[in-house]
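Chains, contacts and geometry: an overview
The lines below spell out each chain.
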Amino acid sequence: FCARRGKTARVINYEEFKKALEELAPKRFKDKSKEEAYEAICQLVAGKEPINVGVTKAKTVGAVERLTDTSKYTGSHKERFDESGKGKGKSGRENIVDTSGYVSAYKNAGTYDAKVKK
């Protein structure tokens, strides 16, 4: 099909597809005439959709299953995931420092300006 489409094109239209089938038919059915071979190859592709051949599927067996189960993580690694097992992103990987100047347990943070203005 690469010979039927342009160098920069990623897809072919129906007319180009039919021309490609005409070229492939005699190669596939060598013992038949050109017209018979074209009819036979049209019957092969009739009613079928494109398939992805050789696509690998992810396997979850053995160690892979254990490593992807976030409920079994301990220590600092378990802090990287929320309750549902979804990753927290950067906040799960790094300790983000609060540089506001307040102690972490201080309850009246951010109220200083309101007190001073009165």
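For the structure itself, consult the block above.
Residues numbered from 1 in each chain as written. Predicted model: local features only at pLDDT ≥ 70, side-chain atom pairs only at ≥ 80, totals over all residues. Heavy atoms only, no water.

**Some words on the overall build of the protein**
Stated precisely, the cut-off is as follows: What counts as a helix is a DSSP run of H or I of at least four residues, what counts as a strand is a run of E of at least two, and both are numbered from the N terminus. Accessible area is worked out with a 1.4 Å probe on protein chains only. A residue is then buried under 20% of its type maximum, exposed over 50%, and partly exposed in between. Contacts between residues were defined by any pair of non-hydrogen atoms, one from each residue, lying within 4.5 Å.
When helices and strands are counted, the protein shows five helices and zero strands. Scanning the protein from its N terminus toward the C terminus, one meets helices and strands in the order α-α-α-α-α. The buried share of the protein, taken over its 118 residues, is 8%. Contacts in the protein between residues at least 24 apart in sequence constitute 2% of all its contacts with a sequence separation of at least 6.

**Looking at helix 1 (residues 14-28)**
Every α-helical turn comprises 3.6 residues, leaving residues that sit three or four positions apart pointing alike. Operational definition: Any helix carries an expected span of 1.5 Å times its number of residues minus one. Nitrogen and oxygen atoms within 3.5 Å of one another constitute a polar contact, given that in protein one can donate a hydrogen and the other can accept it, and given that sequence-neighbouring residues count only through two side-chain atoms.
For helix 1, which comprises 15 residues, the first-to-last C-alpha distance of 20 Å matches the rise-based estimate of 21 Å (1.5 Å per residue) to within 8%. Residues Ala 20, Leu 21 and Ala 25 constitute the buried set of helix 1. Where helix 1 is buried, its residues contact helix 2 (34-45). At the N-terminal boundary of helix 1, the capping side chain belongs to Asn 13, with an oxygen 3.3 Å from the backbone nitrogen of Glu 15.

**Considering the environment of Ala 40**
Residue placement: Ala 40 occurs in helix 2. Residue class for Ala 40 comes out buried when judged on its relative accessible area of 10%. Along the chain, Ala 40 and Arg 28 lie 12 residues apart, while their C-alpha atoms are 9.4 Å from each other. For Ala 40, the contacting residues outside a window of four places in its chain are Phe 29 and Lys 32.

Read these as layout, nothing more, since geometry by itself doesn't imply function.
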